[in-house]
Amino acid sequence: MKVAVYSTKPYDQAFLQRANKTHRHALSYFDVRLISATAPLARGHQAVCAFVNDDLGRDTLEVLSDEGVRIVALRAAGFNNVDLAAAAEQDMTVARVPSYSPHAVAEHALALILTLNRKLYRAYNRVREGNFSLDGLLGFDLCGKTVGVIGTGKIGTVFARIMAGLGCRVLAYDPAPNPDVDKLASYVPLEELFLASDIVSLHCPLTPDTYHVINDDALARMKRGVMLINTSRGRVVDTQAIIRGLKQGKSGISDSTFTKKKPIYSLRIYPAG
């Protein structure tokens, strides 16, 4: 099968080439995003392989269909960037990654927490400048802190287990509670999670219900010094709300230059894609 691979990075090509030794498909690599304007590049291919930032809306799918594409293979678990109704109308099959290492994402979230807590990014820059001062680099013990986990699927469950193992009190929110999390965390309403958490970590898919789940109201409920970690989709966080908080002096990045006032919130945002 001839497959047009969009949004390709060198590492994508390396892994796909290795896997394709078994399947022997004809892969064409494009570093551009898949949108309606670039969809004609797939002419002569039976399938396209797309990533999270590719636009598989109606316009794009119609062009792909006209070019003979019958299969859309996603290199991600999320499919919010695909117009499934339009794909069905074009008789196109959409396939996604059913799962991938939940440990990799959960451990990355922990790495972000430790990096921010212990100011490793700032310490690294200081050392490069020959400054070995410890002022402003103090963090806090994670043990005993309250961690709020929004979304308790496979990744959220692993993350909850990691944080519980570090001695944290774990709160969780999910419309569909996971029995495996019951022994690790306490399920609470979202408002209670915002009020009580020292760290809030997002592990939810992007849906109409989770779009901008972190917004002005959510930030207003969070406690002083809260740490916000997002390893899910970027649009679950309202970035403009964060900026408004920074400008108003109600929120800030630790040791930021946005305001001389001590921030009510220390927000660190790490969108995932």
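Before reading on, note that the structure itself is shown above.
Residues numbered from 1 in each chain as written. Predicted model: local features only at pLDDT ≥ 70, side-chain atom pairs only at ≥ 80, totals over all residues. Heavy atoms only, no water.

Caption draft 1: Region of interest: the overall build of the protein. Looking only at helices and strands, one finds 9 helices and 12 strands in the protein. Residues classed as buried in the protein amount to 44% of the 273 residues present. For the protein, the share of sequence-separated contacts (at least 6 apart) that also reach a separation of at least 24 residues comes to 60%. Of the roughly 14700 Å² of accessible surface on the protein, a fraction of 55% belongs to carbon and sulfur atoms. (Helix = DSSP H or I, 4+ residues; strand = E, 2+ residues; numbered from the N terminus. Buried < 20%, exposed > 50% of the residue type's maximum accessible area, 1.4 Å probe, protein only. Contact = heavy atoms within 4.5 Å. Areas by Shrake-Rupley, 256 points an atom, 1.4 Å probe, with all protein chains shown as cover.)

Caption draft 2: Looking closely at the pattern of salt bridges. Within this structure, the stated rule accounts for 5 salt bridges. Measuring nitrogen to oxygen at the nearest pair gives 3.8 Å for the salt bridge that ties D12 to R75. Separated by 63 residues along the polypeptide, D12 in helix α1 (residues 10-23) and R75 in the loop between β4 (71-74) and α3 (84-89) bring together distant segments of the chain. Residue class for R75 comes out buried when judged on its relative accessible area of 16%. (Salt bridge = Lys/Arg side-chain N within 4 Å of Asp/Glu carboxyl O.)

Caption draft 3: Highlighting the sheet that holds strand β3 (residues 47-50). Spatially, the 5 strands line up as an open sheet ordered β2-β1-β3-β4-β5, and their pairing is parallel. A single partner strand is all that each edge strand has here, and the edge strands are β2 (26-29) and β5 (93-95). The average undirected angle you get between the axes of adjacent strands in this sheet is 20°. By the bridge criterion, 3 bridges tie strand β1 (residues 2-5) to β3 in an arrangement that is parallel. Counted as the bridge partner of A4 is V48 from β3. The strands that α1 touches are β1 and β2; relative to β2, the one it contacts most, it runs at about 175°. (Pairing = 2+ DSSP bridges. Axes fitted to C-alpha atoms, helices over the stretch in contact; angles between N-to-C directions.)

Caption draft 4: A look at the side chain of D198. Here D198 is to be found in the loop between α7 (190-196) and β9 (199-202). For D198, the residues in contact, after removing those within four places along its chain, are K145, T146, K223, G225, V226 and M227.

Caption draft 5: Region of the structure containing the side chain of S65. Within the secondary structure, S65 is located in helix α2 (residues 58-66). With a relative accessible area of 13%, S65 lands in the buried category. At 2.9 Å, the side chain of S65 forms a polar contact with the side chain of Q90. (Polar contact = N/O pair within 3.5 Å; in protein donor to acceptor, adjacent residues only side chain to side chain.)

Caption draft 6: Spotlight on the nonpolar core. One finds I113, L142, V147, F159, M163 and I229 to be the most contacted residues of the largest nonpolar core, which totals 24 residues. Going through the elements one at a time, α4 (102-117), β6 (146-150), α6 (154-165), β7 (169-173) and β10 (227-230) are the ones with two or more residues in this core. Aside from chain neighbours lying at most four places away, what touches I113 is L142, F159, M163, I199, M227 and I229. (Core = buried A, V, L, I, M, F, W, Y, C linked by side-chain atoms within 4.5 Å.)

Caption draft 7: Layout of the pairing of β6. Counting buried positions along β6 gives 5 out of 5 residues, so the element sits mostly inside the fold. Traced from β6 through α6 to β7, the parallel crossover comes out right-handed. Of the pairings in the sheet, the one linking β6 to β9 comprises 4 bridges and is parallel in character. In the strand pairing of β9, V147 is matched with I199. (Right-handed = clockwise from strand over helix to strand, strands pointing away.)

Caption draft 8: Seen up close, the environment of S28. Mapped onto the elements of the fold, S28 is located in strand β2. Judged by its relative accessible area of 24%, S28 falls in the partly exposed class. Between the C-alpha atoms of S28 and Y6, which are 22 residues apart in sequence, the distance is 8.6 Å. Excluding residues that lie within four positions of it along the chain, S28 makes contacts with V3, A4, V5 and H45.

Caption draft 9: Representation of the packing of α4 against α6 in the model. Interhelical geometry of α4 versus α6 gives an angle of 50° and a closest axis separation of 8 Å. Here α4 is positioned oblique relative to α6, judged by the angle of their axes. As for the relative orientation of α4 and α6, their crossing is right-handed in sense. Within the contact between the two elements, α4 uses P102, H103, V105, A106, E107, A109, L110 and I113 and α6 uses K154, I155, V158, F159, I162 and M163. (Parallel < 35°, antiparallel > 145°, perpendicular 65-115°, else oblique. Left-handed = near helix turned anticlockwise from the far one by under 90°.)

Caption draft 10: Region of interest: unusual backbone geometry. Located in the positive-phi region is S7, a residue other than glycine, with phi close to 50°. Residue position: S7 is located in the loop between β1 and α1. Positive phi is not limited to glycine here, since K119 has a value of about 55°. Mapped onto the secondary structure, K119 falls in the loop between α4 and α5 (120-128).

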